[in-house]
Amino acid sequence: MFKQKLQALLPSLSRTVWILAAGRLLSQIGTGFTLFYATIFFVNQVGLSATLVGVGLGSAHHGFGDASARCYSQRRFLPWRM
């Protein structure tokens with residue numbers, strides 16, 4: 001009974017897709033734990049300010065390092081979008 005309801009709710013995708021989805025879920029959970037505990041570590045153990053840690057982790061997490069490459073590629077390959 002429960003298995004039939006579960007199969008009705010979930011789409012019938014191939015095994016490879018389900019494995020990739022599970023791996024992505026685990027990766028995102030790991031990222032969340034890392035960001036949460038890294039903040040505590042850097043503030044309490046290293047002695048950095050919470051603001052500095054927030055700015056550092058936030059900029060690293062959102063990928064400001066590759067933003068310039070993204071803008072360059074959009075200007076070069078998609079000039080009508082700029």
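Residues numbered from 1 in each chain as written. Predicted model: local features only at pLDDT ≥ 70, side-chain atom pairs only at ≥ 80, totals over all residues. Heavy atoms only, no water.

Concerning the overall build of the chain
A tally of regular secondary structure across the chain gives four helices and zero strands. Secondary structure elements of the chain occur, N-terminal to C-terminal, as α-α-α-α. Considering the chain as a whole, with its 82 residues, one finds that 2% of them fall into the buried category. Accessible surface, the chain as shown: approximately 7200 Å² in total, 67% of it carbon and sulfur. (Helix = DSSP H or I, 4+ residues; strand = E, 2+ residues; numbered from the N terminus. Buried < 20%, exposed > 50% of the residue type's maximum accessible area, 1.4 Å probe, protein only. Areas by Shrake-Rupley, 256 points an atom, 1.4 Å probe, with all protein chains shown as cover.)

Some details on the environment of Phe41
Structurally, Phe41 is set in helix H2 (residues 15-46). The class of Phe41 is partly exposed, set by a relative accessible area of 43%.

Remarks on the packing of aromatic side chains
The final tally for this structure, using the stated rule, is three aromatic pairs. Between the aromatic rings of Phe33 and Tyr37, the centroid separation amounts to 6.4 Å while the plane-to-plane angle is 15 degrees, which identifies the pairing as stacked. Pair noted here: Phe33 and Tyr37 are both in helix H2, with a separation of four residues, about one helical turn. Geometrically, the ring pair formed by Phe41 and Phe42 is edge-to-face, given 5.4 Å between the ring centres and 65 degrees between the ring planes. The exposure class of Phe42 is partly exposed, given its relative accessible area of 31%. Within the aromatic cluster, the residues linked to one another by ring pairs are Phe33, Phe36 and Tyr37. (Phe/Tyr/Trp six-rings, centres within 6.5 Å; stacked < 30°, edge-to-face > 60°.)

Let's talk about the confidence of the model for the chain
This prediction gives the chain a mean pLDDT of 78; 72% of its residues lie at or above 70. Within the chain, the element-level pLDDT minimum falls on helix H4 (residues 67-77), averaging 54, and the maximum on H2, averaging 90. (pLDDT = per-residue confidence, 0-100.)

Some thoughts on the environment of Phe42
Take Phe42: it is sitting in helix H2. C-alpha separation for the pair Phe42 and Leu52, spaced 10 residues apart in sequence, amounts to 9.5 Å. For Phe42, the contacting residues outside a window of four places in its chain are Gly47, Leu48 and Val53. (Contact = heavy atoms within 4.5 Å.)

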